[in-house]
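# Commentary on secondary and tertiary structure
What follows is each chain in one-letter form.
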Amino acid sequence: MKMRKFFRKYILPLILSLVLTSCFSDFEPDIKSKPVLCMISNIADGDSIRVSLTHTWRWSEGKYEPWDYSNWETEGFESELLVKNALVKLYVNDEYTETLKLAKRKGYGNIGSDSMVFRLWDDYPWTTTGYVYYIAEYIPKCGDKIRLEAESEEYGAAWAEVTVPQTVEIDSVDYTISNFDDRNTTLSEFYLFNMNLSVWFSDPGNETNYYMFETSSPGYFKGVDAEGIEYKESVYFSDVTDDPLFTEHVSAIDHVLAETSGYSLFSDRQISGKSYPLHVRLEGVSYQLDNRSAIPDAENSYIKFILYSISPSYYRHVISVWAANDGIVGSLGDVGLAEPVFAASNVSTGAGVVSASAKYEYKLYIRPLIDSMLKESQQ
């Protein structure tokens, strides 16, 4: 990590100073370009199809600032990039199904507050009254070939096609616990420990498959037990997973100089048709029950492992974003020492991405695990 920061902070500016020794000035290149539609949609098995439509623009125009919250309370931040008068058609397995309707979803919380709803990449763009997108009545399922066609009088047409992948199940989860620390008080239970886990799944092997992995927990829970006793329960942890599959896209020089953490996408190029255990490491796993007289529901506290099967379009898009933002080639491209890296797109206009996914969830319940550890310690 120190080497990466050193490279970005000192080496790149040094190279730049040696190469770019002449004076420079701002100029407007005389390049004729016409704005085109940008289509974004993440189609998930069993969920509504939502499509965000915007348009491209010249960087020098400068009038589009969708992230500017300065006038939020008086004027809101509905972006001029939104295309709200387009015709968006849905085709499923090569058959016309319906024309999508423009919809808005209400948001919650204030800008900058803890209650602000998290916006996934397919939730943008939004307005003061909620998120703006085109929505379909059809609910997609695994194996569906989805084609979206959009047409705007001002910005022309755009289309993209994607197939919803099949779900790949998590077969089992093995784990070991270390540094188990009992920090109970008279009023509450509190335990702290580390976990090494093997999350097993089997790649189908019939074609090239792409995956994304996620670990989460419900965090804080407030409930009432069977005797009517109120209690609060929480599970938190730090995910320091470093399975080698997560960095299969990273070159040797990127391993040394670039930022490689924070990504959990991978392909089956090394495990095609095989059973494989994803190596998960969780540090500082904490379990707390604030009322020791309560008997909590064993299914309230858990760690959830999610294995997503993702479309090639999503995998290629995210990897290209990594290459542009964190890879060594992208860093050199930013200062003119290499060809620039652009985000991959499967939309006909080259702007946006339409992806698909299916997920499988596995819950490892923590309360039975705690009880088992306490029983072992008493033997």
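The rules behind the values
Residues numbered from 1 in each chain as written. Predicted model: local features only at pLDDT ≥ 70, side-chain atom pairs only at ≥ 80, totals over all residues. Heavy atoms only, no water. Pairing = 2+ DSSP bridges. Helix = DSSP H or I, 4+ residues; strand = E, 2+ residues; numbered from the N terminus. Axes fitted to C-alpha atoms, helices over the stretch in contact; angles between N-to-C directions. Buried < 20%, exposed > 50% of the residue type's maximum accessible area, 1.4 Å probe, protein only. Polar contact = N/O pair within 3.5 Å; in protein donor to acceptor, adjacent residues only side chain to side chain. Contact = heavy atoms within 4.5 Å.

## A word on the sheet that holds strand 11 (residues 189–202)
Judged by pairing direction, the sheet is antiparallel, and its five strands sit side by side in the order 10-11-16-14-13 without closing on themselves. Only two strands of the sheet have a single partner each, and these edge strands are strand 10 (170–182) and strand 13 (220–224). Adjacent strand axes in the sheet meet at a mean angle of 25°, parallel and antiparallel pairs treated alike. Both strand 11 and strand 16 (residues 275–289) contribute to a ladder of 13 bridges, which runs antiparallel. Opposite Phe 193, over in strand 16, you have Val 285 as the bridge partner.

## As for the sheet that holds strand 8 (residues 145–152)
Taken in spatial order, the four strands make up an open sheet running 4-3-8-9, and their pairing is antiparallel. Strand pairing shows two members of the sheet lacking a second neighbour, strand 4 (95–99) and strand 9 (156–163), which therefore form its edges. The sheet shows a mean angle of 20° between the axes of neighbouring strands, direction not considered. As paired strands, strand 3 (residues 87–92) and strand 4 are joined by four bridges and run antiparallel to one another. In the sheet register, Lys 89 faces strand 4, and the bridge partner there is Thr 99.

## Re the side chain of Asn 300
Of note, Asn 300 is situated in the loop between strand 16 and strand 17 (302–310). Judged by relative accessible area, which is 14%, Asn 300 ranks as buried. At 2.7 Å, the side chain of Asn 300 and the side chain of Tyr 231 are in polar contact. Beyond its immediate chain neighbours, meaning those up to four positions away, Asn 300 contacts Pro 218, Phe 221, Tyr 231 and Glu 233.

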